[in-house]
Amino acid sequence: MPVWSFKYSQGALSKQDKVGLAKEITQLYSSKGLPAFYVNVQFFEMGSNDMLVGGEYRSNFVNLSIVHIARTFKTETDRLDFLKQIDLILERFKTKGLDWEYFIVDAPRQQWKINGMYPPLAGSTKEKEWVRLNRPIQHDRAHLPSLL
């Protein structure tokens, strides 16, 4: 499960911007083998009096928090390549005159459940079935902590 949470200045992102971002972000992860339904993209528009940066109101700012649980980076090269992919996705903010920042938190996979089940191990036959069906289904390790 990656969760991308965008907090942005009022009016900074349109419905089309949000749909485009969500589709591109989902494709980023599904191209790496994750089920599309693992990907959560959330948008929180902040009122004109709710977004302050450096103690001052900002009308052109996007803050992005990314939480990774389903996978972690195996190498420094993987991490840097992924950051480049994020930068390419967010590049669209420049043309809108927006400033932005983001961070990624890696959370322990053992603390993640879907519909009360531990998701199948990464790359397993059962996870591939979840990818194919694009939904969670019961499996034999559903109530056991994942082995990492």
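Rules used throughout
- Residues numbered from 1 in each chain as written.
- Predicted model: local features only at pLDDT ≥ 70, side-chain atom pairs only at ≥ 80, totals over all residues.
- Heavy atoms only, no water.
- Core = buried A, V, L, I, M, F, W, Y, C linked by side-chain atoms within 4.5 Å.
- Buried < 20%, exposed > 50% of the residue type's maximum accessible area, 1.4 Å probe, protein only.
- Helix = DSSP H or I, 4+ residues; strand = E, 2+ residues; numbered from the N terminus.
- Contact = heavy atoms within 4.5 Å.
- Pairing = 2+ DSSP bridges.
- Axes fitted to C-alpha atoms, helices over the stretch in contact; angles between N-to-C directions.
- Salt bridge = Lys/Arg side-chain N within 4 Å of Asp/Glu carboxyl O.

Novice: Honestly, the nonpolar core in this entry has me stumped. Any pointers?
Specialist: As a rule of thumb, nonpolar side chains are buried together in soluble globular proteins. Counting 29 residues, the largest nonpolar core has Trp4, Phe6, Leu21, Ile25, Tyr29, Leu90 and Phe93 as the members making the most contacts within it. Those elements giving two or more residues to this core turn out to be strand 1 (2-9), helix 1 (15-30), strand 5 (61-68) and helix 2 (76-90). Among the elements that take part in this core, helix 2 stands out by supplying five residues, more than any other. Leaving out residues up to four positions away in the same chain, Phe6 has contacts with Leu21, Ile25, Val41, Gln42, Phe43, Phe44, Val62, Asn63, Leu64, Leu90 and Phe93.

Novice: Please explain the side chain of Ser65 as it appears in this structure.
Specialist: Relative to the elements of secondary structure, Ser65 occurs in strand 5. With residues up to four places along the chain from it excluded, the contact list for Ser65 reads Val3, Trp4, Ser5 and Phe103.

Novice: Before we go on, may I ask you to explain the environment of Lys128 in this structure?
Specialist: Residue position: Lys128 is located in helix 4 (residues 125-133). You can call Lys128 exposed: its relative accessible area is 55%. In the structure, Lys128 is positioned 78 residues away from Asp50 in sequence and 42 Å away in space, judged by C-alpha atoms.

Novice: Could you clarify how one ought to interpret the sheet that holds strand 1 in this entry?
Specialist: In any sheet, the strands associate via hydrogen bonds between backbone groups, in a parallel or an antiparallel arrangement. The strand order 2-1-5-6 describes an open sheet built from four strands, whose pairing is mixed. Of all the strands in the sheet, just strand 2 (40-46) and strand 6 (99-106) have a single pairing partner and so form its edges. Mean inter-strand twist for the sheet, computed between neighbouring axes without regard to direction, equals 15°. Relative to strand 2, strand 1 is paired through seven bridges, and the arrangement is parallel. What sits directly across from Ser9, in strand 2, is Met46. Strand contacts of helix 1: strand 1, strand 2 and strand 5, with the helix running at about 155° to strand 1, the strand carrying the most contacts.

Novice: Sorry, what's going on with unusual backbone geometry here?
Specialist: Note: most residues except glycine have negative phi, and most peptide bonds are trans. Unlike most non-glycine residues, Asn115 shows phi in positive territory, near 50°. Mapped onto the fold, Asn115 is located in the loop between strand 6 and helix 4. By relative accessible area, Asn115 is classed as exposed at 66%. Its identity as a non-glycine residue notwithstanding, Asn134 has a phi of 55°, on the positive side. Counting through the fold element by element, Asn134 comes out in the segment after helix 4. Owing to a relative accessible area of 39%, Asn134 belongs among the partly exposed residues under this scheme.

Novice: What is the right way to read the pattern of salt bridges from this model?
Specialist: A side chain of one charge can pair with a side chain of the opposite charge when the charged atoms of the two come close. Counted according to the given criterion, the structure contains eight salt bridges. The partner of Lys94 in a salt bridge is Glu91, with the nearest N and O atoms 3.2 Å apart. Given the relative accessible area of 53%, Lys94 is considered exposed. For Glu91, a relative accessible area of 35% gives the class partly exposed. Here Glu129 ties to Lys126 by a salt bridge, and the two come within 2.9 Å at their closest N and O atoms. Here the residue Glu129 and the residue Lys126 both occupy positions in helix 4, the gap between them amounting to three residues, near one helical turn. Take Glu129: its relative accessible area is 24%, and that puts it in the partly exposed class. Among the charged side chains, a salt-bridge network with shared partners connects Lys126, Glu129 and Arg132.

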